[in-house]
Amino acid sequence: MTQESAQRMVVGDVEVIRVVEWQGPFATAGELVPSAGEKTWKDNEDWLAPDHWDPESDRAVMALQSWVLRSGGRTILVDTGVGNGRERPGSPQFHHWQGDFLGLLERAGVRPEDVDVVVNTHIHADHVGWNTRAADGSDGTGTGTGSDGTGSGEWVPTFPRAEYLVPAADDAHFGPDNAYGGNRDQADRFVYEDSVAPLHRAGRIVLWDGVHRIDEHLTLETAPGHTPGSAVLRLASAGERAVFVGDLLHSPVQILDPAHNSCFCLDARGASASRRRILERAADERELVVPAHFGGSGIAEVRREGSGFRLAGRGPRVRR
């Protein structure tokens, strides 16, 4: 189902706005998190459904969403969705996507020229798409010749004043020097060429590695595994904390057992290790966990449970 709404909360002195472009059933549970097993989903159906799983179709419920943070007088946009009019032969659901992302941002009070910083937690098609827009409007944002992205082929930064923070390891892995990630179908080449390379040409990109401080409240930290440069964004303000974990988590079943990777994780062992490390700190420091694609409220509170974890107020029922 399409959602045209924004939800707001405050963490310390930072306003957080959730912008949801789409939410609904996606891949089957077994496809999305192959190692979780059917019993894990069924044994936890009472709270996984309907926000995170549709038992009738056995499909995980997910959201395509971004987060806007207002911190220290600046506007920070975390991840930029699919983008319109893109060639995505490896992702049929995103191929020539047409959404209203910029309209949703505007209704949340954010114009492109208002954004000071764009954070890409990693370089995947559904996280970098609105980094750019078609210069001739052929992506549906102007008066171009069509709505399929086949206009002049020139892509320009969507947020003209913003610096774009992109993990250096992802830029190297998905860039031309590494044959665009080595995909046989060249799917990542399309993503890089329309959504990342134009930032280099415009001089708007900042590549970082390890730890990168945005301001007194916000810090980026690498958490590799899902991709080589996959990152989390930590928010700490006035004694309150949150961590935006990107695609380290696609489903709450990965909180119950951090060893469960999604089908999209490039380095299974590294992703599991990063996931456990991030969840341990979140549980110990009472950080709100904000994944990129959770349905429902989009946010999780995590507690320790033996050697694993649970959602606050939920006891795990995992058969090992």
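Residues numbered from 1 in each chain as written. Predicted model: local features only at pLDDT ≥ 70, side-chain atom pairs only at ≥ 80, totals over all residues. Heavy atoms only, no water.

1. Comments concerning the overall build of the chain
Scanning the chain from terminus to terminus reveals 10 helices and 17 strands. Considered along the principal axes of its C-alpha atoms, the chain spans approximately 55 × 40 × 40 Å. For the chain, the proportion of its 320 residues judged to be buried stands at 55%. Taking the contacts inside the chain whose residues are at least 6 apart along the sequence as the reference set, 65% of them involve residues at least 24 apart. Just so you have it, the chain exposes about 12900 Å², and 47% of that area is on carbon and sulfur atoms. Averaged over its 33 positive side-chain charges, the chain has a centre that lies 5 Å from the centre of its 47 negative ones. (Helix = DSSP H or I, 4+ residues; strand = E, 2+ residues; numbered from the N terminus. Buried < 20%, exposed > 50% of the residue type's maximum accessible area, 1.4 Å probe, protein only. Contact = heavy atoms within 4.5 Å. Areas by Shrake-Rupley, 256 points an atom, 1.4 Å probe, with all protein chains shown as cover. Lys, Arg positive; Asp, Glu negative; His and termini not counted. Charge placed at Lys NZ, Arg CZ, Asp CG, Glu CD.)

2. Notes on the confidence of the model for the chain
For the chain, the mean per-residue pLDDT works out to 91, and 92% of the residues sit at or above 70. Segment residues 1–5 is flagged for pLDDT under 50; beyond a separation of four residues in sequence, or across chains, it makes 16 contacts in the model. Counted against residues more than four places away or in other chains, residues 315–320, with its pLDDT under 50, gives 17 contacts. (pLDDT = per-residue confidence, 0-100.)

3. Here we look at the pairing of strand β12 (residues 218–222)
Taken across its 5 residues, β12 has 5 buried, putting it largely inside the fold. Here β12 shows a buried face lined by Leu 218, Leu 220 and Thr 222 and a second buried face lined by Thr 219 and Glu 221. Where strand β11 (residues 211–213) and β12 come together, 3 bridges link them in antiparallel fashion. Bridge pairing in β12 places Val 211 opposite Glu 221. Linking two consecutive strands that pair antiparallel, namely β11 and β12, is a turn of 4 residues. Pairing geometry for β12 and strand β13 (residues 231–237), over 5 bridges, is antiparallel. Each residue of the ladder has a partner; that of Thr 219, found in β13, is Arg 234. (Pairing = 2+ DSSP bridges.)

4. Comments concerning the packing of aromatic side chains
Using the criterion set out here, one finds 5 aromatic pairs in the structure. On the basis of an interplanar angle of 50° and a centroid distance of 5.7 Å, the ring pair of Trp 41 and Trp 53 is categorised as tilted. One end of the pair, Trp 41, is in helix α2 (residues 38–43); the other, Trp 53, is in strand β3 (residues 53–54), with 12 residues separating them in the sequence. Classification of Trp 53 as buried rests on a relative accessible area of 4%. Both rings, one in Phe 94 and one in Trp 97, keep their centres 6.1 Å apart while their planes meet at 75°; by these two values the pair is edge-to-face. For Trp 97, a relative accessible area of 17% gives the class buried. (Phe/Tyr/Trp six-rings, centres within 6.5 Å; stacked < 30°, edge-to-face > 60°.)

5. Some points on the pairing of strand β2 (residues 14–28)
Along any regular strand the residues' side chains alternate between the sheet's two faces. Within β2, 11 of the 15 residues are buried, leaving the element largely enclosed by the surrounding structure. Two strands pair when backbone bridges link them, and β2 and strand β4 (residues 59–71) are joined in this way by 11 bridges, in the antiparallel orientation. Opposite Arg 18, over in β4, you have Trp 67 as the bridge partner.

6. Notes on helix α10 (residues 268–285)
Helix length check: α10, at 18 residues, gives a terminal C-alpha distance of 26 Å against a target of 26 Å (1.5 Å per residue), a fit within 8%. In the segment just after α10, Arg 286 is the residue with positive phi, at about 55°. (Expected span 1.5 Å × (residues − 1).)

7. Here we look at the sheet that holds β13
The 7 strands lie next to each other as β11-β12-β13-β14-β15-β16-β17, forming an open sheet whose pairing is mixed. Two strands bound the open sheet, and with one partner strand each, they are β11 and β17 (308–311). Going from strand to strand, the sheet's axes swing by 30° on average, the running direction of each strand aside. Direction of pairing for β13 relative to strand β14 (residues 240–246): antiparallel, over a ladder of 5 bridges. Among the inter-strand pairings, Ala 236 is bridged to a residue of β14, identified as Arg 241. Strand contacts of α10: β12, β13, β14, β15 (288–291), β16 (300–305) and β17, with the helix running at about 95° to β16, the strand carrying the most contacts. (Axes fitted to C-alpha atoms, helices over the stretch in contact; angles between N-to-C directions.)

8. Things to note about the side chain of Thr 222
Summarising the element assignment, Thr 222 is placed in strand β12. Look at Thr 222 and you get buried, because its relative accessible area is 19%. Setting aside residues up to four positions removed in sequence, Thr 222 forms contacts with Trp 208, Asp 209, Gly 210, Ser 230, Ala 231 and Arg 277.

9. Comments concerning unusual backbone geometry
Cis peptide bonds are those with omega within 30 degrees of zero, and the linkage from Ala 49 to Pro 50 qualifies with 0°. Secondary-structure assignment places Pro 50 in the loop between α3 (45–48) and β3. The phi torsion at Arg 286 lies on the positive side, around 55°, for a residue other than glycine.

10. Quick look at the nonpolar core
Counting 30 residues, the largest nonpolar core has Trp 41, Val 232, Val 245, Leu 249, Ile 255, Val 289 and Val 302 as its most contacted members. When contributions to this core are tallied by element, the ones reaching two or more residues are α1 (29–32), α3, β4, β14, α9 (253–256), α10, β16 and β17. The element contributing the most residues to this core is α10, with 4 residues. Val 68, Leu 105, Val 196 and Leu 199 belong to the second-largest nonpolar core, a separate cluster that totals 28 residues. (Core = buried A, V, L, I, M, F, W, Y, C linked by side-chain atoms within 4.5 Å.)

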